[in-house]
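Coordinates in review
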Amino acid sequence: MKFGDTLNKQIKSTRVNKKIVILPFLLIFIAYLLVTITSVNSRIEYYRDHLMEDSMEYAKSYAIGISKSAEARDTLNELLEERLLVASRSTVLLQGELDNDRLSEMAERYRVDVLYFYNPEGEILYSSNGEYIGWKASEGHPVHEFMNNPLEFYAEEIRQDSESDQYFKYGYFQREDGSFVQVGIYAAEIYDFIGSFEMQQLLDEIKDAELVHSLYFIDESLEIVSSTSKDFIGASISNPDLVDAIRRSREYNSTVEIDGEELYYGLVPIYIEDDKIGTLAVAQSTEDMDLVINDAIRNGIYNLTSVFIVIGIFAAYVLRKNKQLVEMAYYDSLTGLPNQEYLKEYIQEAIGEKKVEDKAILLVNTENFRHINMTYGYDFGDEILREIARRLKSVIGDRHVVTRFTSDRFVVFVEGRWNKGQLIDLAETITEVLDKPIENSRNRQYINSQIAIVESIRDYFDVDNLLREVSIALDHLPRESSVNYIFFSEDMGEKVSRWDAIENEIRDFVLNPDSKTIYLEYQPKVELATGKISGFEALARMDSEELGRISPIEFIDVAEKRLIIAPLGYRLLEMAVRFAKGMDCQWCKDATIAVNISGIQLLRDDFVDRIKGIIGRYELEPERLELEITESILLDNYHVINEKLKVLRDIGIEVSLDDFGTGYSSLSRLGELNVGVIKIDRYFIKKIDDQTEDSHLTHDIISMAHKSDLKVVAEGVETVEQLEYLKKNDCDYMQGYLFSRPVLPEDAMKLMASTNKDK
Ligand code: C2E
Ligand code: CA
Ligand code: CA
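Cut-offs and rules
Residues numbered from 1 in each chain as written. Chains lettered and ligands numbered in written order. Predicted model: local features only at pLDDT ≥ 70, side-chain atom pairs only at ≥ 80, totals over all residues. Heavy atoms only, no water. Patch = residues over 30% accessible without salt bridge, like charges linked within 9 Å, V, L, I, M, F, W, Y side chains within 5 Å. Areas by Shrake-Rupley, 256 points an atom, 1.4 Å probe, with all protein chains shown as cover. Salt bridge = Lys/Arg side-chain N within 4 Å of Asp/Glu carboxyl O. Helix = DSSP H or I, 4+ residues; strand = E, 2+ residues; numbered from the N terminus. Buried < 20%, exposed > 50% of the residue type's maximum accessible area, 1.4 Å probe, protein only. Donors = N, O, S within 2.8 Å, 3.2 Å for Na, K, Ca; no water. Near = heavy atom within 4 Å. Polar contact = N/O pair within 3.5 Å; in protein donor to acceptor, adjacent residues only side chain to side chain. Arc of directions from axis to C-beta. Core = buried A, V, L, I, M, F, W, Y, C linked by side-chain atoms within 4.5 Å. Domains from an automatic or database assignment. Contact = heavy atoms within 4.5 Å. Axes fitted to C-alpha atoms, helices over the stretch in contact; angles between N-to-C directions. Parallel < 35°, antiparallel > 145°, perpendicular 65-115°, else oblique. Left-handed = near helix turned anticlockwise from the far one by under 90°. Nonpolar A, V, L, I, M, F, W, Y, C, P; charged D, E, K, R; others polar. Buried area = accessible area lost by both parts, 1.4 Å probe. Phe/Tyr/Trp six-rings, centres within 6.5 Å; stacked < 30°, edge-to-face > 60°. Lys NZ or Arg CZ within 6 Å of the ring centre and 35° of its normal.

1. Some remarks on a nonpolar patch on the surface
Judged by side-chain polarity, Ile22, Leu26, Ile30, Leu33, Leu34 and Ile37 come together as a nonpolar surface patch covering roughly 480 Å² of accessible area. Positionally, Ile22 belongs in helix H2 (residues 18–92). Looking at Ile22, the relative accessible area reads 37%, which means it is partly exposed.

2. Re the coordination of the calcium ion (ligand 2)
Taken together, Glu537 (OE), Asn596 (OD1), Glu628 (OE) and Asp658 (OD) make up the protein donors of the calcium ion (ligand 2), found 2.1 to 2.3 Å from the metal. According to the relative accessible area criterion, Glu537 is buried, its value standing at 4%.

3. Focus on the coordination of the calcium ion (ligand 3)
Those protein atoms acting as donors to the calcium ion (ligand 3) are Asp658 (OD), Asp659 (OD), Glu715 (OE) and Glu715 (OE), and they sit at 2.1 to 2.5 Å. Along the chain, the residues that donate to the calcium ion (ligand 3) are spaced as D-D-x55-E. A spacing of 4.0 Å is found between the calcium ion (ligand 3) and the calcium ion (ligand 2), which share Asp658 as a donor. Residue Asp658 is classed as buried on the basis of its relative accessible area of 6%.

4. As for the site of ligand 1
Looking at ligand 1, there are 21 residues lining it, with Gln523, Ala540, Arg541, Glu718 and Tyr737 nearest. Measuring from an oxygen atom of ligand 1, one finds a side-chain N or O atom of Glu537 at 3.1 Å. Taking Arg541, its side chain carries an N or O atom lying 2.8 Å from an oxygen atom of ligand 1. Coverage of ligand 1 by the protein amounts to 84% of the 790 Å² it exposes when considered alone.

5. Observations concerning helix H3 (residues 100–109)
For H3, every residue scored as buried is listed here: Leu103, Met106 and Ala107. Looking straight down H3, one finds that the buried residues subtend no more than 100 degrees of arc, so they occupy a single side. The exposed residues of H3 that point more than 90 degrees off its buried face are Asp101, Glu108 and Arg109. A side-chain oxygen of the first residue of H3 lies 3.1 Å from the backbone nitrogen of Asp101; this N-cap is Asp99. After H3 finishes, the residue Arg111 shows a positive phi value of roughly 50 degrees.

6. Brief notes about the nonpolar core
One finds Ile506 and Leu625 to be the most contacted residues of the largest nonpolar core, which totals 109 residues. Among the elements that line this core, the one with the most residues is helix H16 (residues 565–582), at eleven residues. Of the domains in this structure, domain 2 (331–488) and domain 3 (500–756) are the two that each give at least three residues to this core. The contact partners of Ile506, leaving out residues within four places of it in the chain, are Ile518, Met542, Phe555, Val558, Ala559, Ile564 and Leu568. Core analysis: the next-biggest nonpolar cluster, separate from the first, contains 29 residues, Leu337, Phe380, Leu385 and Leu423 among them.

7. Some remarks on the packing of helix H14 (residues 490–511) against H16
When two helices pack together, their arrangement is given by the angle between the helix axes and the distance between those axes. The geometry of H14 relative to H16 is characterised by a closest axis approach of 10 Å and an angle of 50 degrees between their N-to-C directions. With respect to their mutual orientation, H14 and H16 come out oblique. Pair H14 / H16 crosses with left-handed handedness. Residues Ile506, Phe509 and Val510 of H14 lie in contact with H16, whose contacting residues are Pro567, Leu568, Arg571 and Met575. Grouping the constituent residues of the contact of H14 with H16 by class yields six nonpolar, no polar and one charged.

8. Here's the deal with unusual backbone geometry
One non-glycine residue with positive phi stands out, namely Ser249, at about 55 degrees. If you trace the backbone, Ser249 turns up in the loop between helix H7 (240–247) and strand E9 (252–258). Residue Ser249 is classed as partly exposed on the basis of its relative accessible area of 26%. In the Ramachandran plot, Asp659 falls in the positive-phi region, its phi being about 50 degrees despite a non-glycine side chain. By the secondary structure assignment, Asp659 is in strand E24 (residues 654–660). Judged by relative accessible area, Asp659 falls into the partly exposed class, the value being 26%.

9. So, the domain arrangement of the protein chain
One frequently used descriptor of interface size is the decrease in accessible area upon assembly of the parts. By the assigned domains, the protein chain splits into domain 1 (199–289), domain 2 (331–488) and domain 3 (500–756). Relative placement of domain 2 and domain 3: their C-alpha centres are 35 Å apart. Tallying the contact residues gives nine residues for domain 2 and ten residues for domain 3. Carbon and sulfur atoms supply 47% of the area buried between domain 2 and domain 3, which totals about 1000 Å² over both sides. Counting residues per element, the side of domain 2 that touches domain 3 draws most heavily on helix H10 (residues 369–376), which supplies three residues. Its residues placed into classes, the side of domain 2 that touches domain 3 shows no nonpolar, five polar and four charged.

10. Details of the packing of aromatic side chains
Applying the stated criterion across every chain, the model contains 20 aromatic pairs. Where Phe153 meets Phe173, the ring centres are 6.2 Å apart and the plane angle is 40 degrees; that geometry is what we call tilted. Note that Phe153 is positioned in strand E3 (residues 153–155) and Phe173 in strand E5 (residues 167–174), a separation of 20 residues in sequence. Relative accessible area serves as the criterion here: at 6%, Phe173 is assigned to the buried category. With a centroid separation of 3.9 Å and an interplanar angle of 20 degrees, the aromatic rings of Tyr522 and Phe579 are classed as stacked. Of the two residues, Tyr522 is situated in strand E19 (residues 518–527) and Phe579 in helix H16; the sequence distance between them amounts to 57 residues. Take Tyr522: its relative accessible area is 2%, and that puts it in the buried class. For Phe579, a relative accessible area of 8% gives the class buried. Over the face of the ring belonging to Tyr737 we find Arg741, whose NZ or CZ atom lies 3.9 Å from the ring centre.

11. Here's the deal with the side chain of Asp408
By the element assignment, Asp408 lies in the loop between strand E13 (401–406) and strand E14 (409–414). A distance of 3.5 Å separates a polar atom in the side chain of Asp408 from a polar atom in the side chain of Ser407. Excluding anything up to four places from it in sequence, Asp408 contacts Val364, Asn365, Thr366, Phe369, Arg370 and Leu385.

Written as structure tokens, this is what we have:
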């Protein structure tokens, strides 16, 4: 599996934690689903209750109606019967003979419609309207029925007359001899009126008026005596619950399925003047309820879908946002490479689980990038970084992975186990590719790259440790070395703890004005033509209680690496300037003081101001100060630095180019450089003794320098031969053990006085 795959998968699965998004999504969805189900249910429940209430309401209100109607009908009947009784009895009781006219008269008087007088055999003898004389009631006819009736008076229910087909209510009154009178009231309207009180009709009306499914009137024998569903008339109630409710005269409701249709029933007992006459059952279809339920479910589904879509869109948005955040968190926006976070997590996983193949990591440092940034601005800096990233990717390809570790450092992961030779090849390829200048329309810049390598990450337990050690390795790469890579080794780790101690000493010194841990010694510089001391070079010394004496090569290096060279350098400069100011004896008041300046100091924007500030504060003539700078810093930042040097030289401060010959600056370029002195490195001076071809290099340097109007200082002169050679070749000054080692300030002053006094 490839590095990228692993971490990409990891990023997908753990970092863009979908669970975090999807879980709430699901929860909200489920919650909403529950709410929907509950609301559908409660709507159904509500409707059911409503239906039941309606049924009961109908049943109750109509039960009252029915009771009242029944009472009214009875009253009306009673009134009619009263009239029939009065008319018939009065007729029977008439004195004298009856005839048609008398009957007619009686009918008029008692406001009845017909009056018939029957003989005991049931034959009409007289009639109020003169009709039907001689008509005789046959067997089974209501009139015949009455004849066999023992009652004196009898009133029939309204019926259709067998002869005229019209509706009449008839009453009969019997004489003792068996003859009788029939009284009739024309009752078509009354029949309709009373009929309206009929249960069947009532039920039909209710059904028309209210949207009920059907109504039933059940008598006390549990028989359905009337119903709007005609098929049920005559049927008996058998359902035990219903039977029970009816028997106990309870109000009751229930759902009953009839012919596949579900119906709601409300049962209410009906009373007429405290006498229960039966039970009214009102049935309502649940069809409407099904509509309601469907409606509720449809709404629910609609809402649910809406919610699903809304949450879905939201979740997608959150996921995308989250992914962007992850990308922001794991990728460098400038170069598009995975960043330090990515790097650390991957390594931690790899070394933590020991799952992945063994790998090497290469830390690629672009040494001068920071200076480029400061010199050309951040836009060009960004361009350079993108270009570096692009070049690295092109070398590394897809097989391995490049990450941006810090602003100007990149880490390359080498997939699989590579031996030292392969890693060196890769490192060389990388530096080769990065060596080519990077240019845009305005600038052209070289990148100095160095590479530190940890051969195997297998033995590490901790990412930070691994990254620290690869950085340590980088620090151990000698500055001016032809090799651009270095492998981490264990002893580097030990060195680092020493460096930590040195760093602490330097910090203490910088913070504490009374500290004597670091001090200056002064090495005289002798003018060869006169033998006089022309000045001194200030050389820093460290004598630590804990670590003993430490070479400036080491502690200056630490100060540079740990970025505390600037405060240290200015402190030392101040000490040197104070010393120079104090040298005011007759022979030494023109003596110059040369101070070594680190390239890092030189690059800082405030450099010139700081120098001016210090000489201003001590009121030292600028001519008495000399700054020694090394070539290497010039290489990458020629223009910026040369500008600064010009400013310094314009105010009178001399600048010398230290360790000349060890770097890359070409002699031909010396003319345009703002320095007044070059200091030939000890290496060339040593060669003088060798009597080889190289011995004459010093001669060449001196004559070239003179052509550019530069003074020449020979460093590290230890032998008389060297001295003679230098004199012979017109070297201007010498410095070296031959004349004097660096000495303490008071000795320097004595030395100067004694040397220059005689000359
Ligand atoms: P450098 O600037 O090239 O200093 C000259 C070095 O040569 C000094 O070493 C000096 O003691 C030594 N030397 C002088 N004459 C002879 C000789 O005849 N034979 C031999 N073998 N050596 C001789 P030192 O003092 O150990 O300083 C080493 C380097 O440390 C300096 O090299 C300089 O680069 C750096 N350094 C010293 N002091 C300072 C400082 O205050 N600031 C900065 N930035 N660098 C400093
Ligand atoms: Ca020097
Ligand atoms: Ca030197």
